[in-house]
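Each chain is listed here by its residues.
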Amino acid sequence: MDSIFGLFGIGCGLYCLYGYYLLKFKGEISTSILLPKDVDPGKCKDFQGYCREAQWPLLILGGIAVVYGAVDLYNVHVGGADTLFMVMMGLLLVALVFYVVRIRKINEKYFGL
C-alpha cells in the first residue's frame, strides 16, 4: 500500500504520454486530459496549431510524472533516494503548475474559453 503514489504517478504519466502520442502521431485531441468536458474538439480554430502547442506541456508533464513514480517506487521498496524523491516531488509540482497555465492559455487561444 505504500507504493500507491508511485503507481499513480506512473499511471498519470503514461496517460499524459498517450495524450501526447494521440496529438503528435494520430492528430486527435484527448478531450479528457486537454479540454473541459463541455467543449467540442471540432470547434478548434486552428487544429494543427493546437496540436503543435499542446503537445509539449503533455510531454513534459508525462515524462516528469513517470520518473517521479519510478523514483517513488524505488524509494519505497529499496530506499536511500530521499533527496532525489524530494527533488522529483518539487519538479512534479512545478510541471503540474506549468501544464495548467499553458493548457489554459492554449485553450483560450484556440477555443475561446
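Let us look at the structure shown here. Model, not experiment: these values are computed from the prediction.

All chains considered together, the criterion is met by 4 aromatic pairs. Through pairs of rings, three or more aromatic residues link up here, namely Tyr50, Tyr110 and Phe111.

In this structure, Leu34, Tyr50, Leu58 and Phe111 are the most contacted members of the largest nonpolar core, which totals 27 residues. Looking at this core, the elements with two or more residues in it are helix 1 (4-26), helix 2 (31-34), helix 3 (47-77) and helix 4 (82-111). With residues up to four places along the chain from it excluded, the contact list for Leu34 reads Leu23, Ile29, Tyr50, Ala54, Leu58, Tyr99, Ile103 and Asn107.

Let us look at the side chain of Asn107. With respect to the helices, strands and loops of the structure, Asn107 is situated in helix 4. The class for Asn107 is buried, based on a relative accessible area of 6%. In terms of polar contacts, Asn107 uses its side chain to reach the side chain of Tyr50, at 2.8 Å.

For any two helices packed against each other, the geometry comes down to the angle between their axes and how far apart the axes lie. One way to put it is that helix 3 packs onto helix 4 with a least axis distance of 9 Å and a crossing angle of 160°. Put simply, helix 3 runs roughly antiparallel to helix 4. Once helix 3 is placed against helix 4, the crossing between them reads as left-handed. Its residues assigned to classes, the contact of helix 3 with helix 4 shows 25 nonpolar, 3 polar and 5 charged.

Cut-off values and rules
- Residues numbered from 1 in each chain as written.
- Predicted model: local features only at pLDDT ≥ 70, side-chain atom pairs only at ≥ 80, totals over all residues.
- Heavy atoms only, no water.
- Phe/Tyr/Trp six-rings, centres within 6.5 Å; stacked < 30°, edge-to-face > 60°.
- Core = buried A, V, L, I, M, F, W, Y, C linked by side-chain atoms within 4.5 Å.
- Buried < 20%, exposed > 50% of the residue type's maximum accessible area, 1.4 Å probe, protein only.
- Helix = DSSP H or I, 4+ residues; strand = E, 2+ residues; numbered from the N terminus.
- Contact = heavy atoms within 4.5 Å.
- Polar contact = N/O pair within 3.5 Å; in protein donor to acceptor, adjacent residues only side chain to side chain.
- Axes fitted to C-alpha atoms, helices over the stretch in contact; angles between N-to-C directions.
- Parallel < 35°, antiparallel > 145°, perpendicular 65-115°, else oblique.
- Left-handed = near helix turned anticlockwise from the far one by under 90°.
- Nonpolar A, V, L, I, M, F, W, Y, C, P; charged D, E, K, R; others polar.

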